[in-house]
Amino acid sequence: MAAPVYLFTGFLDSGKTTLIKDTLNDPSFMEGTDRTLIICLEQGEVSYDEKFLDEHNTFIEFLDASTQLTTEKMRELDTIYHPSQVFIEYNGTESVSETLLSGMPEFWPLVQILTTVDATTFELYMNAMRSLLFEQLRYSDTIIVNRCTPEMSGSMLRGNIKAINRQAQIYYEGNFGEQVQLKGGFLPFNLDDPIIDIKDEDYGLWYMDALENPDKYDGKEVIMRGYYAERVKGLHQTIIMGRRAMVCCAQDTSLCGITVTGIKAEQLKLGEWIEVQGHLKTVPIENGAKTLVLYANRIARYHQPAEEFVTFS
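Residues numbered from 1 in each chain as written. Predicted model: local features only at pLDDT ≥ 70, side-chain atom pairs only at ≥ 80, totals over all residues. Heavy atoms only, no water.

Enquirer: Teacher, can you tell me more about helix 9 (residues 203-212) here?
Expert: Think of an α-helix as 3.6 residues a turn; residues three or four steps apart then line up on the same face. Taken across its ten residues, helix 9 has eight buried, putting it largely inside the fold. Those residues of helix 9 that sit buried are Tyr 203, Gly 204, Leu 205, Trp 206, Tyr 207, Met 208, Asp 209 and Ala 210. (Buried < 20%, exposed > 50% of the residue type's maximum accessible area, 1.4 Å probe, protein only. Helix = DSSP H or I, 4+ residues; strand = E, 2+ residues; numbered from the N terminus.)

Have a look at this one:
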């Protein structure tokens, strides 16, 4: 029988071991599981003591690097331990290997990637080690942001994470396992204004809020600025405009774009910066979700902002 594999990524002391131990203590998760194998590629301040492992019928193997985790090694460990499930505690300085992403054997399928983030060091890592943080987050299915305090900005954390990985589910915790309500982040415009003017420096905050709460902006009149990113094929006078967020480095960016209709696209050049005024309307997309479309009633050319990339704080 195949043993599902759960990959835990994150920097050293970000809470990977604590998350694994909490998972092993969760009766609902462990139901039907009798033997767990932990493959540990990094050891932090929290460790696994023998009593804990025995009580949870859990076995542990330490490896020095992900390169040692070959298919042959997995087969050897499967033969030795016959696990019902496998937890891999990854090294925070290594990129997730191609073996784990696409080369897992049938007897050990990778079913989930979970990443732990220390909220107290997140902004520092974003500024100083963006490429490493990018590697930690880019493939994650679930991201647990721990050590949060109520005064921390949820929009800063969420915006920067979503710029790297839009699909991941994000959970915020204070002490490990305790949910915390973060402040929503100050939106630097009034939603009740007859026209919401979204300034260049505020585009990222608006975009992430609109992405997660489209109904809040349904029917709102707005002014926004961005560049003409692409023509929407098959739709008359419709384009994508927006701005880019830095994902890993200046050479690796993600478009924070919105569909705009009512545009005479033939009068514009790709990459040209524009200012558009119009009203937003929610439209349904797949899986019952919604997105916003901007119905333009005014368009003008605009200068490229001094700060090219959007921020989320």
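Having put the structure on the table, let's press on.
Enquirer: Could you clarify how one ought to interpret the packing of aromatic side chains in this entry?
Expert: For any two aromatic rings, the description comes down to two numbers: the centre-to-centre distance and the angle of the planes. Taken as a whole, this structure holds twelve aromatic pairs when the rule is applied. Ring centres 5.3 Å apart and planes at 70 degrees place the aromatic pair Phe 8 and Phe 87 in the edge-to-face group. Taken together, the residues span a long stretch of sequence, with Phe 8 in strand 1 (residues 5-9) and Phe 87 in strand 4 (residues 85-89) at a distance of 79 residues. Owing to a relative accessible area of 2%, Phe 8 belongs among the buried residues under this scheme. Classification of Phe 87 as buried rests on a relative accessible area of 0%. (Phe/Tyr/Trp six-rings, centres within 6.5 Å; stacked < 30°, edge-to-face > 60°.)

Enquirer: Which parts of the structure should I look at to understand the packing of helix 6 (residues 119-128) against helix 8 (residues 154-164)?
Expert: A pair of packed helices can be characterised by two numbers: the angle between their axes and the separation between those axes. As a packed pair, helix 6 and helix 8 sit with axes 11 Å apart at the nearest point and diverge in direction by 45 degrees. When the interaxial angle is binned, helix 6 and helix 8 end up oblique. Here helix 6 runs over helix 8; the crossing is left-handed. Facing Phe 122, Glu 123 and Met 126 of helix 6, the residues of helix 8 in contact are Met 156, Leu 157, Asn 160 and Ile 161. Counted by class, the contact of helix 6 with helix 8 contains five nonpolar, one polar and one charged residues. (Axes fitted to C-alpha atoms, helices over the stretch in contact; angles between N-to-C directions. Parallel < 35°, antiparallel > 145°, perpendicular 65-115°, else oblique. Left-handed = near helix turned anticlockwise from the far one by under 90°. Contact = heavy atoms within 4.5 Å. Nonpolar A, V, L, I, M, F, W, Y, C, P; charged D, E, K, R; others polar.)

Enquirer: Looking at this structure, I do not really get the nonpolar core. What am I missing?
Expert: Core analysis: the biggest nonpolar cluster contains 30 residues, and Trp 206, Met 224, Ile 239 and Ile 258 have the highest contact counts within it. Looking at this core, the elements that each hand over two or more residues are helix 9, strand 9 (221-231), strand 10 (238-249), strand 11 (252-261), strand 12 (273-284) and strand 13 (290-301). Looking at this core element by element, the count peaks at five residues for helix 9. If we ignore the near neighbours within four places in the chain, the residues touching Ile 258 are Tyr 203, Trp 206, Met 224, Ile 239, Ile 240, Met 241, Leu 280, Leu 292 and Leu 294. (Core = buried A, V, L, I, M, F, W, Y, C linked by side-chain atoms within 4.5 Å.)

Enquirer: Can you walk me through the pairing of strand 6 (residues 142-146) in this structure?
Expert: Remark: a regular strand shows side chains that alternate across the two faces of the sheet. Of all five residues in strand 6, five are buried; the element is thus mostly enclosed. Relative to strand 6, strand 5 (residues 110-118) runs parallel, the two being bridged by five bridges. Within the sheet, the bridge partner assigned to Thr 116 lies in strand 6 and is Ile 144. Pairing between strand 6 and strand 7 (residues 169-172): four bridges, direction parallel. By the bridge assignment, Ile 143 is partnered in strand 7 with Ile 170. Viewed along the sheet, the connection from strand 6 through helix 8 into strand 7 turns out right-handed. (Pairing = 2+ DSSP bridges. Right-handed = clockwise from strand over helix to strand, strands pointing away.)

Enquirer: What is the right way to look at the pattern of salt bridges in this model?
Expert: Think of it this way: side chains of opposite charge can pair up when their charged atoms draw near. Tallied over the full model, the rule gives twelve salt bridges. The shortest N-O distance in the salt bridge between Glu 76 and Lys 73 comes to 3.5 Å. Taken together, the residues span about one helical turn, with Glu 76 and Lys 73 both in helix 4 (residues 71-81) at a distance of three residues. In this structure, Glu 275 and Arg 225 form a salt bridge, with 3.0 Å as the shortest nitrogen-oxygen distance. Of the two residues, Glu 275 is situated in strand 12 and Arg 225 in strand 9; the sequence distance between them amounts to 50 residues. The class for Glu 275 is buried, based on a relative accessible area of 15%. By relative accessible area, which is 9% here, Arg 225 ends up buried. A single network of salt bridges, built from pairs that share partners, joins Asp 197, Lys 199, Arg 225, Glu 275 and Arg 298. (Salt bridge = Lys/Arg side-chain N within 4 Å of Asp/Glu carboxyl O.)

Enquirer: Where do I start with unusual backbone geometry in this structure?
Expert: A negative phi angle is the norm for most residues apart from glycine, just as the trans form is the norm for most peptide bonds. Phi angles above zero are rare outside glycine, and Asn 57 is one such case at about 50 degrees. In this structure Asn 57 comes out as partly exposed when scored by relative accessible area, which is 32%. Despite not being glycine, His 82 has its phi angle at roughly 50 degrees, a positive value. With respect to the element layout, His 82 can be found in the loop between helix 4 and strand 4.

Enquirer: Where do I start with helix 6 in this structure?
Expert: Every buried residue of helix 6 is accounted for by Ala 119, Phe 122, Tyr 125 and Met 126. One side of helix 6 carries all its buried residues, which in axial view fall inside an arc of 100 degrees. In helix 6, the exposed positions that point more than 90 degrees away from the buried face belong to Thr 120, Leu 124, Asn 127 and Ala 128. Those residues of helix 6 hidden inside the fold are in contact with strand 5, helix 7 (130-137), strand 6 and helix 8. (Arc of directions from axis to C-beta.)

Enquirer: For this particular structure, what's the right way to read the pairing of strand 13?
Expert: The pairing of strand 11 with strand 13 spans three bridges and is parallel. Of the residues in strand 13, the one forming a bridge with Thr 259 is Val 293. Across eleven bridges, the pairing between strand 12 and strand 13 is antiparallel. Considered in strand 13, the bridge of His 279 is made with Tyr 295. Taking the residues that link successive antiparallel strands as the turn, the strand 12-strand 13 hairpin has five residues, and the phi of Asn 287 there is positive, at about 60 degrees.

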